[in-house]
Amino acid sequence: MNALTKPRESFVGVDIRAEIDRLRTDRNAVILAHYYQKPEIQDLADFVGDSLELSKKAAETDADVIAFCGVKFMAETAKILSPEKTVILPDMNAGCSLEDSCPPEKFAEFRRQHPDHIALTYINCSAAVKALSDVIVTSSSAETIIQQIPESQKIIFGPDRHLGGYLNRKFGRDMLLWPGVCIVHEAFSETELLKLKAQHPGAPIAAHPECPPTIIEHADHVGSTSSILQFCKETDSDTVIVATEPHIIHQMEKAVPGKTFIGAPGADGNCNCNICPYMALNTLEKLYVALRDLKPAIELDEDMRLKAKKSLDRMLEMASGTVGKGDLGAMGLQPAPQG
């Protein structure tokens, strides 16, 4: 029987939520949900947050299994930090347009063409690309880290050209940008955003730095998903326009139920085109099956994992303040050898 003729599994009569809770206990599992997951997945997760934040929290638990409801590069990051744990992803097809835009073999060749550049690489990439990088950054740590790198040091930034461009503009840098984009944040429409702003003239706009410059220039706050969530909690405004994947609004409404949050529109005048199609692949049914079968599981070559962990450790060191501002040059950081 091939994949085309194999009957789909039936869940009739199965209490999926109860079974997930049972398996969570039986497998000694921790369930992680990114802010961009569907509300029903967020509500049953042990932790909800940004990708690296979730991986760090999971590493601190005594769980044997990490069920990562997110996308593949996030689950890989969890495996990098917790190699002894079984890391499962409900749907292995849950990828990322940024990861897809940056195949490791092409990134390695790009690095060989620019041997005097270090690679400052956004966490939205594969473990293989992390292994080819010098320092990983997140949308929340990038500014702290870039300020520690001497202006004389040439930098490759990938795979998100919008985040890299935002950092170039803010800090007057001239990083060489890999041409990747997030299909979710690329879909926002400046014209439709201005129409929405006119309808809500007092509402601030909170935007993710993966957005194009035409969106960023209208934003009152630019930051990671966690930063946007915090801004929404603290702002005095009763209404906020949110320019990132709209499922984070679920957490905003739970945190401050008295406020109104409006997803920034796409070109068609609504935010439906800004729902991440990769994140949407994860479902409660797939999570149940993954916990039941302990697959699909993330497997990483150990040499690659250690190289990827080195670039992540550099980020954690620099972003935590354990490396003083400007000390990167004194540390003698050299571009990672590319072979």
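What this report covers is the structure whose coordinates are included nearby. Everything numeric in this text was worked out from a predicted model, so none of it was measured.

Cut-off values and rules
Residues numbered from 1 in each chain as written. Predicted model: local features only at pLDDT ≥ 70, side-chain atom pairs only at ≥ 80, totals over all residues. Heavy atoms only, no water. Pairing = 2+ DSSP bridges. Helix = DSSP H or I, 4+ residues; strand = E, 2+ residues; numbered from the N terminus. Contact = heavy atoms within 4.5 Å. Axes fitted to C-alpha atoms, helices over the stretch in contact; angles between N-to-C directions. Core = buried A, V, L, I, M, F, W, Y, C linked by side-chain atoms within 4.5 Å. Buried < 20%, exposed > 50% of the residue type's maximum accessible area, 1.4 Å probe, protein only. Arc of directions from axis to C-beta.

Let's talk about the sheet that holds strand β10 (residues 221-222)
Moving on, step 1. In space, the four strands of this open sheet follow the order β10-β9-β11-β12, with parallel pairing throughout. Both edges of this open sheet fall to β10 and β12 (260-263), since each of them pairs with a single strand only.
Moving on, step 2. Of the strand pairs in this sheet, strand β9 (residues 205-207) and strand β11 (residues 239-243) are connected by three bridges, and their pairing is parallel. Its bridge partner being in β11, Ala207 is matched across the sheet by Ala243.
Moving on, step 3. Most of the contacts of helix α11 (residues 190-199) go to β11, to which it runs at about 175°, and overall it touches β9, β11 and β12.
Moving on, step 4. The sheet contacts of helix α13 (residues 225-234) involve β9, β10, β11 and β12, and relative to β11 the element is tilted by about 170°.

Remarks on the nonpolar core
Moving on, step 1. One finds Leu120 and Met252 to be the most contacted residues of the largest nonpolar core, which totals 77 residues.
Moving on, step 2. Examining the composition of this core, we find that six residues originate from one element, helix α4 (residues 72-81), more than from any other.
Moving on, step 3. Other than its neighbours up to four places away in sequence, Leu120 contacts Val135, Val137, Ile145, Ile146, Ile149, Ile155, Ile156, Phe157, Gly158 and Met175.
Moving on, step 4. Core analysis: the next-biggest nonpolar cluster, separate from the first, contains 19 residues, Ile16, Ala29, Val65 and Tyr288 among them.

Brief notes about helix α3 (residues 51-60)
Moving on, step 1. Ser51, Leu52, Leu54, Ser55 and Ala58 are the residues of α3 that are buried. Summarising the axial view, the buried residues of α3 lie within an arc of 160°, below the 170-degree limit, and thus occupy one face.
Moving on, step 2. Buried positions along α3 lie against β1 (29-34), β2 (47-49), β3 (65-69), α4 and α16 (302-319).

Quick word on unusual backbone geometry
Moving on, step 1. Of the consecutive residues Gly158 and Pro159, the connecting peptide bond is found in the cis state with omega at -5°.
Moving on, step 2. Secondary-structure assignment places Pro159 in the loop between β7 (154-158) and α9 (161-171).
Moving on, step 3. Here the amide bond leading from Lys295 into Pro296 is cis, since omega sits at 5°, within 30 degrees of zero.
Moving on, step 4. Along the polypeptide, Pro296 turns up in the loop between α15 (284-293) and α16.
Moving on, step 5. Here Asn28, not a glycine, exhibits a phi torsion of approximately 50°, which is positive.
Moving on, step 6. Tracing the backbone shows Asn28 in the loop between α1 (16-26) and β1.
Moving on, step 7. Located in the positive-phi region is Leu294, a residue other than glycine, with phi close to 55°.

Some remarks on the side chain of Thr138
Moving on, step 1. Summarising the element assignment, Thr138 is placed in the loop between β6 (135-137) and α8 (142-146).
Moving on, step 2. Every residue in contact with Thr138, bar those within four places of it in the chain, is listed here: Leu52, Tyr122, Ile123 and Met315.

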